[in-house]
Amino acid sequence: MLSPRSFLTRFHEYSRKRRLMEERERVIAAVSGGVDSMVLLDLLAKEREALGLSIIVAHFNFQLRGKESEEDERFVVQRARSYGFEPYVDRADTAAYAQQHAIGIQEAARRLRYEFFDNLLLSSGFDKIATAHNADDNAETMLLNLFRGAGVAGLAGIPVYREDRRIIRPLLFAERREIEAYAAAEKLPFRNDSSNEQDYYTRNYLRHNIVPIIRQNVNPHLVQTLNRSAEVFRELEAFLTVTAREHYEAVVTRDSTTELHVAIPRLRTLPRLLQQYLLMQVAQAFANRKPEFEHIERMLELTEGLTGSWVPIGNDCMVYRDRESLVFRREEETTNFRVVVLPNRRYHFDRFTFASEVLDVQNIVVNGEQAEYVDAEKLLAKDLVLRSWAEGDWFVPLGMKSKKKISDFFVDEKIPLYEKRHIPLLETSDGEVVWVCGLRLDDRFKVTPETRRVMKLQFFTTHKSHGA
């Protein structure tokens, strides 16, 4: 086992080679009170003079273990001050937060912790946050990601430096047993988190039940092996990222604040793995968030799908297929509406104008204006309603005898998703669709030789829309 001096040297060299900490940088040490974070705090204290570092300590109290959580907080504050570091503490009711946002406890804790880090970086003006993730954590993360079906990024494990959040992991070189040995040799006090002994959390179950079996029966050096593999996957990810950037401009044919188009034929010329990375970069650039691997796969499936098929990206963005393009688009807010419309009147809406007029058949004058005609006798005894389209709506398209879902009709007509939401329906008060406005009449209300009076229907969009 390494001596404390040798362990400190490895810590220094690992950080130096990866440029995790530069001279005179200001570093926030994330300290939970556990053995890993207390060793990190001690190593940073010893590096402080060599590199001229400024250090403060951050601790977040998740309030999940009652008195234990309070004692952890007091312990971290006391230990930080014993090193001469200023402690910064925040707390939140994590269980309540998880319930409020309908997420798991671990996800809630992750979000709260990162929010705390982000706010502290901003308010303190410090450069980076150091966390105490170690080689065992990295190996467990790789296995979890593998079991869940992650891509290359997931198999690369925990990043040594997460640039977007300015988080460094200078303990990733060390196994848990080495960290514990250093703590024992240096007589470092630490707190034991009782929740780490419970198998309720997936990571704990893996740590207590799966990893020991693999070590005993397959590979006694599992952690070292997985960490070497993680390095390979990190290099592969870096290569794919750079290569995807080189193809970005050739594949992206249109890029604006509201839409981004990817040429499917050009995308398909690339190996599938490179297609995944390119779409990941496009999604990040457009939606400002990194999609999960399964979302990337669903995007790729769109290249084989029908025009109009789509997948969401976050809450306000989506990607859909439009002929030979994948279109990334920001969704516009739409409000469902339902308005009773009277004959012989004109109605103006934000996105369109609707008008109707009842005429005797002999008074019809076709002068090239955009209009449709239906049998007025079938409508005048009923109220007419203009409303927004909804899933499950159906009609009998003109020229057909059987009903068809309007959503299927939109697909056949290659209507993009964002346009579907703005196409109103004219229906009777009985719920019978008369007209998919601007696109197709219902066959049940068509003009026949027996028709004596007609209703002239007009629909004008004030925004550019898909033609019939």
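Structure: see above.
Anyway, here's the lowdown on the structure attached to this text. (Residues numbered from 1 in each chain as written. Predicted model: local features only at pLDDT ≥ 70, side-chain atom pairs only at ≥ 80, totals over all residues. Heavy atoms only, no water.)

Brief notes about the overall build of the protein
Helix and strand content of the protein: 15 helices and 22 strands. Relative to the globule expectation of 23 Å for 468 residues, the C-alpha radius of gyration of the protein, 31 Å, shows a markedly less compact shape. A principal-axis box enclosing the C-alpha atoms of the protein has dimensions of 105 × 50 × 45 Å. Residues counted as buried form 47% of the 468 residues belonging to the protein. A separation of at least 24 residues holds for 68% of the contacts in the protein among residues at least 6 apart in sequence. Just so you have it, the protein exposes about 24300 Å², and 48% of that area is on carbon and sulfur atoms. Separation between the mean location of the 67 positive side-chain charges and that of the 70 negative ones in the protein comes to 1 Å. (Helix = DSSP H or I, 4+ residues; strand = E, 2+ residues; numbered from the N terminus. Rg over C-alpha atoms; globule rule 2.2 N^0.38 Å. Buried < 20%, exposed > 50% of the residue type's maximum accessible area, 1.4 Å probe, protein only. Contact = heavy atoms within 4.5 Å. Areas by Shrake-Rupley, 256 points an atom, 1.4 Å probe, with all protein chains shown as cover. Lys, Arg positive; Asp, Glu negative; His and termini not counted. Charge placed at Lys NZ, Arg CZ, Asp CG, Glu CD.)

Some thoughts on the sheet that holds strand β22 (residues 453-461)
The antiparallel open sheet is built from four strands, whose spatial order is β13-β14-β22-β15. If you trace the sheet from one side to the other, it starts and ends with β13 (346-348) and β15 (372-375), each paired once. In this sheet, neighbouring strand axes are inclined to one another by 20° on average, regardless of whether the strands run parallel or antiparallel. Inspection of the sheet shows β13 paired to strand β14 (residues 352-360) by three bridges, in the antiparallel sense. By the bridge assignment for β14, Arg 346 is matched with Ala 355. (Pairing = 2+ DSSP bridges. Axes fitted to C-alpha atoms, helices over the stretch in contact; angles between N-to-C directions.)

Some points on the packing of helix α1 (residues 4-17) against helix α2 (residues 35-51)
The N-to-C vectors of α1 and α2 enclose an angle of 75°; their axes lie 11 Å apart at closest approach. It follows that α1 is roughly perpendicular to α2 by the angle criterion. Contact residues: Phe 7, Leu 8, Phe 11 and His 12 in α1; Val 39, Leu 40, Leu 43, Leu 44, Lys 46 and Glu 47 in α2. Here the residues of the contact of α1 with α2 sort into seven nonpolar, one polar and two charged. (Parallel < 35°, antiparallel > 145°, perpendicular 65-115°, else oblique. Nonpolar A, V, L, I, M, F, W, Y, C, P; charged D, E, K, R; others polar.)

Comments concerning the pairing of strand β1 (residues 26-30)
By the criterion of burial, β1 is predominantly enclosed, with four of the five residues buried. Tracing the backbone out of β1, into α2 and back to the parallel element strand β2 (residues 54-61) gives a crossover that is right-handed. In the sheet, β1 pairs with strand β4 (residues 128-130) via three bridges, with the strands oriented parallel. Across the sheet, Val 27 pairs through a bridge with Lys 128, a residue of β4. (Right-handed = clockwise from strand over helix to strand, strands pointing away.)

Structural notes on the packing of aromatic side chains
One pass over the structure, following the stated rule, counts 17 aromatic pairs. Ring geometry for Tyr 83 and Phe 85: centres 5.9 Å apart, planes at 15°, overall stacked. Each member of the pair, Tyr 83 as well as Phe 85, carries the same accessibility label: buried. Between Trp 389 and Phe 410, the ring centres sit 5.3 Å apart and the planes meet at 75°, which makes this aromatic pair edge-to-face. You can see Trp 389 sitting in the loop between β16 (384-388) and β17 (394-395) and its partner Phe 410 sitting in helix α14 (residues 406-412), a full 21 residues away along the chain. You'll find Trp 389 and Phe 410 in the same group, each marked buried. (Phe/Tyr/Trp six-rings, centres within 6.5 Å; stacked < 30°, edge-to-face > 60°.)

Description of a nonpolar patch on the surface
A cluster of nonpolar side chains, Leu 236, Phe 239 and Leu 273, forms an exposed patch at the surface whose accessible area comes to about 260 Å². Its place among the elements puts Leu 273 in helix α12 (residues 272-287). (Patch = residues over 30% accessible without salt bridge, like charges linked within 9 Å, V, L, I, M, F, W, Y side chains within 5 Å. Salt bridge = Lys/Arg side-chain N within 4 Å of Asp/Glu carboxyl O.)

Notes on the environment of Leu 274
With respect to the helices and strands, Leu 274 occurs in helix α12. Taking the C-alpha atoms as reference points, Leu 274 and Leu 122, separated by 152 residues in sequence, lie 35 Å from one another. Contact partners of Leu 274, with chain neighbours within four places excluded, come to Leu 240, Thr 243, Ala 244 and His 247.

Notes on helix α3 (residues 67-82)
Spanning 16 residues, α3 covers 23 Å between terminal C-alpha atoms, matching the ideal 22 Å at 1.5 Å per step. Taken together, the buried positions of α3 are Ser 69, Asp 72, Glu 73, Phe 75, Val 76, Val 77, Arg 79 and Ala 80. Those residues of α3 hidden inside the fold are in contact with α2, β2 and β3 (86-91). A positive phi of about 85° marks Gly 84, the residue just after α3. (Expected span 1.5 Å × (residues − 1).)

Structural notes on the sheet that holds strand β6 (residues 167-168)
An order of β3-β2-β1-β4-β6-β5 is seen for the six strands of this open sheet, with the pairing classed as mixed. At either margin of the open sheet sits one strand with a lone partner, and together these are β3 and β5 (161-162). Bridging between β5 and β6 involves two bridges; their strand directions are antiparallel. Bridged to Tyr 161 within β6 is Ile 168. Taken strand by strand, α3 contacts β2 and β3, and its axis lies near 175° from that of β2.

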